[in-house]
Amino acid sequence: MVRPMRRLTLNMVAFRADPEDASRSLSASNRQDEIGIAETELARMQHELRAALTQKTRLAALGVAVSKISHDLRNILATAQLISERLAGSSDPRVRQILPRLVASIDRAIALCTQSLKFGRAEEPPPRRSVVALAPLVDEVGESLALRADGPVRWRNQVANGLSVDADRDQLFRVLVNLGRNALQAIEVDGEISVSAWREGSGILIDVADSGGGLSNAAREHLFEPFRGGARAGGIGLGLAIARDLVRAHGGDIALVETGPRGTRFRLRLPARQTGMANPD
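Some thoughts on unusual backbone geometry
Here's step 1: Although it is not a glycine, Ala146 sits at a positive phi angle of roughly 60 degrees.
Here's step 2: As for its position among the elements, Ala146 is in the loop between α4 (134-144) and β2 (153-157).
Here's step 3: Of the residues examined, Ala146 reaches a relative accessible area of 65% and is grouped as exposed.

Details of the pairing of strand β6 (residues 253-260)
Here's step 1: Relative to strand β7 (residues 263-270), β6 runs antiparallel, the two sharing 7 bridges. Residue pairing in the sheet places Ile254 in a bridge with Leu268 of β7.
Here's step 2: Between the end of β6 and the start of β7, which pair antiparallel, lie 2 residues.

Description of the sheet that holds β6
Here's step 1: With mixed pairing, the 5 strands of this open sheet are ordered in space as β2-β4-β5-β7-β6. Lying at the two open borders of the sheet, with one neighbouring strand each, are β2 and β6. Neighbour to neighbour, the strand axes of the sheet diverge by 15 degrees on average, direction disregarded.
Here's step 2: Contacting β6 and β7, helix α7 (residues 238-249) crosses the sheet at an angle of about 140 degrees to β6.

Quick word on the nonpolar core
When a protein is soluble and globular, its nonpolar side chains tend to lie buried together.
Here's step 1: Residues Leu134, Leu172, Leu176, Ile206 and Leu268 are the most contacted members of the largest nonpolar core, which totals 40 residues.
Here's step 2: Counting only elements with at least two residues in this core, the list comes to α4, β2, β3 (164-167), α5 (169-186), β4 (191-200), β5 (203-210), α7 and β7.
Here's step 3: In terms of residue count, α5 provides more of this core than any other element does, 7 residues in total.
Here's step 4: Sequence-distant contacts of Leu134, defined by excluding residues within four places in its chain, comprise Val159, Leu163, Ser164, Val165, Leu172, Ala197, Ile204 and Ile206.

Examining the pattern of salt bridges
Here's step 1: The tally for this structure, following the rule as stated, stands at 13 salt bridges.
Here's step 2: The residue Asp190 makes a salt bridge to Arg154 at a minimum N-O spacing of 3.2 Å. One end of the pair, Asp190, is in the loop between α5 and β4; the other, Arg154, is in strand β2, and 36 residues separate them in sequence.
Here's step 3: Of the charged contacts, one joins Asp207 and Arg265 as a salt bridge, the two residues approaching to 3.2 Å between their closest N and O atoms. In this pair, Asp207 is assigned in strand β5 and Arg265 in strand β7, connecting sequence segments 58 residues apart.
Here's step 4: A relative accessible area of 3% places Asp207 in the buried class.

How each quantity is defined
Residues numbered from 1 in each chain as written. Predicted model: local features only at pLDDT ≥ 70, side-chain atom pairs only at ≥ 80, totals over all residues. Heavy atoms only, no water. Helix = DSSP H or I, 4+ residues; strand = E, 2+ residues; numbered from the N terminus. Buried < 20%, exposed > 50% of the residue type's maximum accessible area, 1.4 Å probe, protein only. Pairing = 2+ DSSP bridges. Axes fitted to C-alpha atoms, helices over the stretch in contact; angles between N-to-C directions. Contact = heavy atoms within 4.5 Å. Core = buried A, V, L, I, M, F, W, Y, C linked by side-chain atoms within 4.5 Å. Salt bridge = Lys/Arg side-chain N within 4 Å of Asp/Glu carboxyl O.

Here it is as structure tokens:
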């Protein structure tokens, strides 16, 4: 017992000195007793820890890159904002009709870049909740995705007029855009994306469904994990992770209801604001 325990102890000391060095990981023996179990579990723990440290290093590098991109992108968007302000004086009715949506989209992008530059902030700002008319918001999401009711990929707004939700409008917009974009990428040529909603108790349920080919088993296993839960081949899995974080900040949640050859359906649950909860300003 002394020799194998000494080997385990020396390995733990060496691994602690440099856990990212693969050569310091323990090679488990073929023992079938308690010492063999300890060797196997230690080797597995070292492997998982080294993988986590590697991912952390890569995420830190990615964070630096995102900060640089956000800084430059914010400057570009600021120029676009100035141009859009000049267009406000146009007498063309088509320009005047489209301009408010363009300005709102640029403002959202600038705000998102500004938040990304706040280094070390790991959480989204708390939701600034208000009563939001849901049907017009869903129309706006479809327009931002360049989808319409008669296009090759049809956008179906099945939300009843007059239905409202107590939520942060901009954050809910981001949630629906992320789900809509994932649905759009799941449809190869022809299909439809539908958004429906109904009241349940004091809260609201919102379904986003597509007619794509469904999610793979690998995608379902890590569905809401950033950089692991890509809903499609080549995806990085951030959209669903961000959507879940935003919905949970409202006290709700998001879940996969069904997926298969006939399509995929996600459901958002947004409860009413609790009595006495302040609206952060």
